[in-house]
Amino acid sequence: MSAHEGYPWGWFVVGFSDEIEVGGIKNLKYFGQHMVAFRGEDGNVSILDAYCPHLGAHLGVGGTVEGCTIRCPFHAWRFDGAGTCVEVPYAKRIPPKAKVKSWHVVERNGLVFLWYDRAGGPPNYEIPVLPEYGDPEWGPWDVKLLHIKTHPREVIENMADSGHFPRVHGTHVDLFENEFTDLLCIQRIKGVAYPRGGGRDDFELEATYYGPGYHISRMEGVMASRLLLAHTPVDENSIDLRFGAMIKKVGDEAKTKLYSGMYVKNLQVGFEEDIEIWENKLYRDRPALCDGDGPIGKLRRWYRRFYADAPASLGD
Ligand code: FES
Ligand SMILES: [Fe+2]
């Protein structure tokens, strides 16, 4: 059996909060399944399997949100956020089988997270609050979404791959360190980036994965920034990659927006450089590594745990 059979367990970003307004519906496809997300009048987002347990209509295509429920477009059955049928307009009795799977959802830091565990177990860790999000001294997220034909292990591998920075990103690396815990994978880099537009940028960065699909980088210096990277399997061969930046406010709103926009542009250029490699490479189980490579073996061991059975709780 392959080390990466199926999908990893964990919290995964499936949308930006501002994409789903109250009463709004968003259709999703992740982990090879169709789902429907909707925001009820209480402000909470619920995610259900897309197909109605009655005769199989897609709830998100023509369905409507009523209060905190969604009404099917076909025969108007209504389901709450837990997937329980609460109304069949033309029946005296609601059939006990009228239930659709609901997913654990958490909204944090302007992002909608879905918990995935193939065995259906409950979440075993929490996504930490990012204090800068919503802080009046900080600008909002500036974000982008890319669909990439690759396996998430390729994106993860960047964390320990010190050797690709000069060649792929034109970055000079002075210090490169990794640290692993049960849940976290941390990367610390000091180096010099040469933005494609010209100039040089001495940077110091600490990047942390909280589980297998969500990652925040903290950069301090003349301009403090927080970078987001989140990737979620769409199916076994492709991912949605969301990334973004927020910066500590500089001058007025327009100037902050301009700078965070530049960060996002730079990030996008960086990802595009990686993507061409990812979409065309193969995965070597036993790579020929050299002494100058980062701890790729350690990183792989860390990542593989998310493909094993999810523990009820984590050590840290
Ligand atoms: S298919 Fe949804 S109510 Fe009939
Ligand atoms: Fe990279």
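Residues numbered from 1 in each chain as written. Chains lettered and ligands numbered in written order. Predicted model: local features only at pLDDT ≥ 70, side-chain atom pairs only at ≥ 80, totals over all residues. Heavy atoms only, no water.

Undergrad: Lay out the sheet that holds strand S9 (residues 102-103) in plain terms, naming residues and giving numbers.
TA: Reading across from one edge, S2-S3-S4-S9 is the order of the four strands in this open sheet, with antiparallel pairing throughout. Where the open sheet ends on each side, the last strands, each with one partner, are strand S2 (25-30) and S9. Two strands pair when backbone bridges link them, and strand S4 (residues 45-49) and S9 are joined in this way by two bridges, in the antiparallel orientation. Opposite Leu 48, over in S9, you have Ser 102 as the bridge partner. (Pairing = 2+ DSSP bridges. Helix = DSSP H or I, 4+ residues; strand = E, 2+ residues; numbered from the N terminus.)

Undergrad: Could you give an account of the side chain of Glu 157, naming the residues involved and the relevant values?
TA: Inspection of the secondary structure puts Glu 157 in helix H1 (residues 152-157). Exposure remark for Glu 157: the relative accessible area of 12% places this residue in the buried category. The residues contacting Glu 157, other than those within four sequence positions of it, are Tyr 283, Ile 296, Leu 299 and Arg 300. (Buried < 20%, exposed > 50% of the residue type's maximum accessible area, 1.4 Å probe, protein only. Contact = heavy atoms within 4.5 Å.)

Undergrad: An account of the packing of aromatic side chains is needed here, citing residue identities and associated values.
TA: Counting across every chain of the model gives 16 aromatic pairs. Each ring, one from Phe 113 and one from Tyr 214, has its centre 4.9 Å from the other, and the planes form 85 degrees; the classification is edge-to-face. A residue pair is termed long-range when its members are at least 10 positions apart, and Phe 113 in strand S11 (residues 111-116) and Tyr 214 in strand S16 (residues 214-220) qualify at 101 residues. According to the relative accessible area criterion, Phe 113 is buried, its value standing at 0%. Ring plane angle 75 degrees and centroid distance 5.3 Å describe the contact between Tyr 303 and Tyr 307, whose orientation is recorded as edge-to-face. Like Tyr 307, Tyr 303 is buried. Here the aromatic cluster, defined as three or more aromatic residues joined through ring pairs, consists of Trp 9, Trp 11, Trp 115, Tyr 125, Tyr 209, Trp 302 and Phe 306. Lying across the ring of Trp 103, Lys 101 places its NZ or CZ 4.2 Å from the centre. Taking the ring centre of Phe 16 as reference, the NZ or CZ of Arg 242 above it sits at 5.6 Å. (Phe/Tyr/Trp six-rings, centres within 6.5 Å; stacked < 30°, edge-to-face > 60°. Lys NZ or Arg CZ within 6 Å of the ring centre and 35° of its normal.)

Undergrad: Any chance you could break down the coordination of the iron ion (ligand 2) for me, citing the residues and the numbers?
TA: Here the iron ion (ligand 2) is held by the protein donor atoms Asn 158 (OD1), His 164 (NE2), His 169 (NE2), Asp 274 (OD) and Asp 274 (OD), which lie 2.1 to 2.4 Å from it. Within one chain, the residues donating to the iron ion (ligand 2) are spaced in sequence as N-x5-H-x4-H-x104-D. With respect to class, His 164 is no different from His 169; both count as buried. (Donors = N, O, S within 2.8 Å, 3.2 Å for Na, K, Ca; no water.)

Undergrad: Describe in detail the sheet that holds strand S5 (residues 64-66), supporting the description with residues and values.
TA: If you trace the four strands from one edge of the open sheet to the other, you get S5-S6-S7-S8, paired in antiparallel fashion. Where the open sheet ends on each side, the last strands, each with one partner, are S5 and strand S8 (85-87). In this sheet, neighbouring strand axes are inclined to one another by 35 degrees on average, regardless of whether the strands run parallel or antiparallel. The sheet contact formed by strand S6 (residues 69-71) and strand S7 (residues 78-80) spans three bridges and is antiparallel. Within the sheet, the bridge partner assigned to Thr 69 lies in S7 and is Asp 80. (Axes fitted to C-alpha atoms, helices over the stretch in contact; angles between N-to-C directions.)

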